[in-house]
Amino acid sequence: MKVIEKINNRNKTLFSIEIVPPLRGNRIEGIYQRIDQLIEFNPAFINITYHKDEAEYIQRKDGSTVKRTISKRPGTVALTASIMNKYKVEVVPHLTCGGFTKDQVENALIDFNFLGIENLLVLQGDAGRGLDKFIADPGGHKYAVELLEQVLKMNEGKYLDDRLEQANQSNFCVGVAGYPEKHYASADLDSDIQYLKAKVLAGADYIVTQMFFDNKYYYEFVDKCRAVGIDVPIIPGLKPIALKNQADVLPKLFHTDIPQDLANEVRNCKDNKIALEIGTQWTIEQAKDLIKHGAPVLHFYTLGAGNSIRKIAKEIF
Ligand code: FAD
């Protein structure tokens, strides 16, 4: 079932999670264990992130340097199909501009389609290690809206090779990302929201937000989006702080503001166990307030936070 149908048919706020594929060389069972912890709370869908290959310069014993391209977290497509089969749950693989030429996007879409995957989250993709802004791959898309347009063309049966006749139409439901505290590369929130609106006008079905720790940002963002005519569901993304150092690391990595009181409490607490308790309690309060305000879904980023999300889900869902 499409995510948008689940949202439209809901009679309460839904629960969903995002999973990161295992690091190269690790087994799929680690992911299953994480899902096993949370499956009893009936996630409406499970997102699987995508991580493009990264070039690394490796120093050999003889002193020479060799460039290797490594996929650190391979397996998004296989993981999606395995989880759908095992848990009979909707899975939403992420598809990024980075790491794909347009032809490779088309092939990936064909694979998704063959596997019965009908939900995607379409993104520009992270800039990559050591880079402070995204650079499009040769032959690839630059912005998520372009990738979205390619997906939606396939929904009309239009492939890159326009000589194809009677090509199959896909039936993807597509989500896009939004940033309550603005995307890091945007000059200001208003212009960022205009580009978000372009994704919605192009046909995005819903928006999932970057994590935030102060609901005020989400409520103001939703108001601004509605004011410019963005009328699709806006799903808040939540991440409980699980480690002391995240009070300083998360704002840098995700360009989000952690309220001073919360940041100080986490920084000054005795150890990570206490930090996790503080983070869990904070997210529980955020979640309760978001539900009170009618959030369609609460979407949880699980990386390193599986135990706390279980506690939160027990309290909330
Ligand atoms: P876009 O919508 O393309 O926007 C990128 C920037 O360009 C914004 O500043 C926007 O305002 C601007 N912009 C957009 N269109 C135009 C235009 N036409 N002209 C000029 N400027 C424009 N990254 C991964 O690598 N893998 C993942 O699995 C992943 N999952 C994510 C899930 C969520 C819910 C979120 C919020 C982010 C995720 N990311 C992931 C990170 C994401 O790829 C980065 O934040 C990326 O920098 C922006 O992606 P986007 O799709 O929002 O980009």
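Scroll up for the structure.
How each quantity is defined
Going along each chain's sequence as written, the residues are numbered from 1 onward. Note on the predicted model: pLDDT of at least 70 is required for a residue's local features to be given, and 80 or more for side-chain atom pairs to be given and counted; whole-chain, interface and lining totals, by contrast, use all residues. Computation of side-chain values: all heavy atoms of the structure, hydrogens and water removed. Each helix corresponds to a stretch of at least 4 residues labelled H or I by DSSP, and each strand to a stretch of at least 2 residues labelled E; elements are numbered beginning at the N terminus. Here the globule rule is a power law, 2.2 Å times the number of residues to the power 0.38, and the radius of gyration is based on C-alpha atoms. Whether a residue is buried, partly exposed or exposed follows from its accessible area with a 1.4 Å probe, protein chains only, as a fraction of its type maximum: under 20%, in between, or over 50%, in that order. The contact criterion used throughout is that any non-hydrogen atoms of two residues lie within 4.5 Å. A 1.4 Å probe and the Shrake-Rupley method give the accessible areas. Residues count as covered only by the protein chains that appear here. In this tally, Asp and Glu contribute negative charge and Lys and Arg positive charge; neither His nor the terminal groups of the chain are included. One atom stands in for each charge, and that atom is NZ of Lys, CZ of Arg, CG of Asp or CD of Glu. As defined here, a cavity is a set of points on a 1 Å grid over the protein atoms alone where a 1.4 Å probe fits but cannot get out. A pocket is an open set with protein on both sides within 12 Å along at least five of seven lines, and residues line them when an atom is within 4 Å of a point. Grid points are joined across faces, edges and corners, and a volume is the space filled by probe spheres set on the points. One heavy atom within 4 Å of a molecule or strand makes the whole residue count as near it. In the analysis that follows, any N or O atom pair within 3.5 Å is treated as a polar contact, provided that within protein one partner can donate a hydrogen and the other can accept it, and provided that, for residues neighboring in sequence, both atoms belong to side chains. Side-chain classes follow a simple rule in which Ala, Val, Leu, Ile, Met, Phe, Trp, Tyr, Cys and Pro form the nonpolar group, Asp, Glu, Lys and Arg form the charged group, and the remainder, Gly included, forms the polar group.

Report on the overall build of the protein, specifying residues and quantitative values.
For the protein, the helix and strand inventory stands at 11 helices and 10 strands. Compactness check: the protein gives a C-alpha radius of gyration of 20 Å against a globular reference of 20 Å for 317 residues, within 12% of the reference. Considered along the principal axes of its C-alpha atoms, the protein spans approximately 60 × 60 × 45 Å. Counting across all 317 residues of the protein, residues that qualify as buried make up 49%. Long-range pairs, those at least 24 residues apart, make up 74% of the contacts in the protein between residues at least 6 apart in sequence. Accessible area for the protein stands at about 15,900 Å²; split by element, carbon and sulfur atoms hold 48% of it. For the protein, the distance from the average position of its 40 positive side-chain charges to the average position of its 41 negative side-chain charges is 5 Å.

How would you summarise the layout of surface pockets if you had to cite specific residues and measurements?
Quantified by volume, the second largest pocket comes out at close to 310 Å³. As for the second largest pocket, its lining consists of 13 residues, and the residues nearest its centre are Lys52, Asp53, Ala55, Ala127 and Leu131.

Lay out the site of the ligand with the relevant residues and their values.
Close to the ligand lie 24 residues, the nearest being Tyr50, Tyr179, His183, Asp192 and Lys199. Between the ligand and the protein, one listed contact pairs an oxygen atom with a side-chain N or O atom of histidine 94 at 2.8 Å. One nitrogen or oxygen atom from the main chain of glycine 125 is found 2.9 Å from an oxygen atom belonging to the ligand. In the complex, the protein chains occlude 87% of the 980 Å² of accessible area that the ligand would expose alone. For the shell around the ligand, the secondary-structure elements that each account for two or more residues are strand S5 (90–96), strand S6 (119–123), helix H6 (189–202) and strand S8 (206–211). Tallying contributions element by element places H6 first for the shell around the ligand, with 3 residues. Class assignment of the residues belonging to the shell around the ligand gives a composition of 12 nonpolar, 8 polar and 4 charged.

Fair warning: the whole summary comes from geometry, so function is off the table for now.
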